[in-house]
Amino acid sequence: MSSIYNFPDQTRELTSNLRTITFPFDISLCEMVIQFKLKKGFNVPENASLGYEWKTSDNSISIISSTEINLNPKIVSATIGDYGYDLLIKFPSGVTKKYMEGSQKVISKISTI
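Reading the values: rules and limits
- Residues numbered from 1 in each chain as written.
- Predicted model: local features only at pLDDT ≥ 70, side-chain atom pairs only at ≥ 80, totals over all residues.
- Heavy atoms only, no water.
- Helix = DSSP H or I, 4+ residues; strand = E, 2+ residues; numbered from the N terminus.
- Rg over C-alpha atoms; globule rule 2.2 N^0.38 Å.
- Contact = heavy atoms within 4.5 Å.
- Areas by Shrake-Rupley, 256 points an atom, 1.4 Å probe, with all protein chains shown as cover.
- Buried < 20%, exposed > 50% of the residue type's maximum accessible area, 1.4 Å probe, protein only.
- Polar contact = N/O pair within 3.5 Å; in protein donor to acceptor, adjacent residues only side chain to side chain.
- Phe/Tyr/Trp six-rings, centres within 6.5 Å; stacked < 30°, edge-to-face > 60°.

*Asks:* Which residues make up the overall build of the protein chain, and what values do they have?
*Replies:* Summing up its helical and strand segments, the protein chain has zero helices and nine strands in all. Helices and strands appear in the protein chain in the N-to-C order β-β-β-β-β-β-β-β-β. Its C-alpha radius of gyration of 14 Å places the protein chain within 12% of the 13 Å reference for a compact globule of 113 residues. When the backbone C-alpha atoms are referred to their principal axes, the protein chain occupies close to 50 × 30 × 20 Å. Considering only contacts within the protein chain whose residues lie at least 6 apart along the sequence, 66% involve residues at least 24 apart. Total accessible area on the protein chain is roughly 7,100 Å²; 51% of this is exposed by carbon and sulfur atoms.

Structure, rendered in structure tokens:
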């Protein structure tokens, strides 16, 4: 069973904060992806389009120790709305598991020039 964590709101077109996630097991040789997809109501439809993501394959997720990763800062340009996400881990054995899931709101800037 995956854990649930709801990320704080993210302002559209601004850089996300660096986030560190700690695991209770060795993730040294794992591949990971965390994808945020736009919700409809309370759910994320199976065919929901990808809003934004972090992944080890493009170094937007950095494995910093045998039990920790960083979600590196990036500009989030997704449509304003509520997003659901899950963090998938592919272990060296080939097994893929969902480690955590939750939501995040992408909000608009209050002021513009």
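That covers the picture; the talk isn't over yet.
*Asks:* Before we move on, could you go through the environment of Ser65 and cite the residues and values that matter?
*Replies:* One can find Ser65 in the loop between strand S6 (61-63) and strand S7 (68-71). Given a relative accessible area of 28%, Ser65 falls into the partly exposed group. The spacing of Ser65 and Tyr52 is 13 residues in sequence and 25 Å in space, taken between C-alpha atoms. Looking at Ser65, its side chain comes within polar contact range of the main-chain nitrogen of Glu68, at 3.1 Å.

*Asks:* Mind laying out the packing of aromatic side chains, listing which residues take part and the relevant values?
*Replies:* The full count for this structure, using the stated rule, is 12 aromatic pairs. Summarising the aromatic geometry, the rings of Phe25 and Tyr99 are spaced 5.7 Å apart at their centres and angled 80° between planes, so their arrangement reads as edge-to-face. With Phe25 in the loop between strand S3 (19-22) and strand S4 (31-38) and Tyr99 in strand S9 (residues 96-107), this residue pair connects regions lying 74 residues apart in the sequence. Ring geometry for Phe36 versus Tyr52: centroids 4.4 Å apart, planes at 10°, classification stacked.

*Asks:* Give me the lowdown on the environment of Ile61, citing residues and values where you can.
*Replies:* With respect to the helices and strands, Ile61 occurs in strand S6. For the pair Ile61 and Pro73, spaced 12 residues apart in sequence, the C-alpha separation works out to 9.5 Å. Not counting residues within four places of it along the chain, the set of residues in contact with Ile61 comprises Met32, Val33, Ile34, Trp54, Lys55, Thr56, Ile69, Asn70, Leu71 and Asn72.

*Asks:* An account of the environment of Pro92 is requested, with residue identities and associated values reported.
*Replies:* Its location among the elements puts Pro92 in the loop between strand S8 (81-90) and S9. Separated by 31 residues in the primary sequence, Pro92 and Ile61 have C-alpha atoms spaced 17 Å apart. Excluding its chain neighbours within four sequence positions, the residues that come into contact with Pro92 are Leu29 and Cys30.

*Asks:* How would you explain unusual backbone geometry if you had to name every residue and give the values?
*Replies:* Positive phi, close to 70°, is recorded for Glu13, a residue that is not glycine. For Glu13, the location among the structural elements is in the loop between strand S2 (10-11) and S3. When its relative accessible area of 34% is taken as the criterion, Glu13 is described as partly exposed. In this structure, Asn59 takes a positive phi of about 65° despite not being glycine. Counting through the fold element by element, Asn59 comes out in the loop between strand S5 (50-55) and S6. Asn59 sits in the exposed class, given a relative accessible area of 57%.

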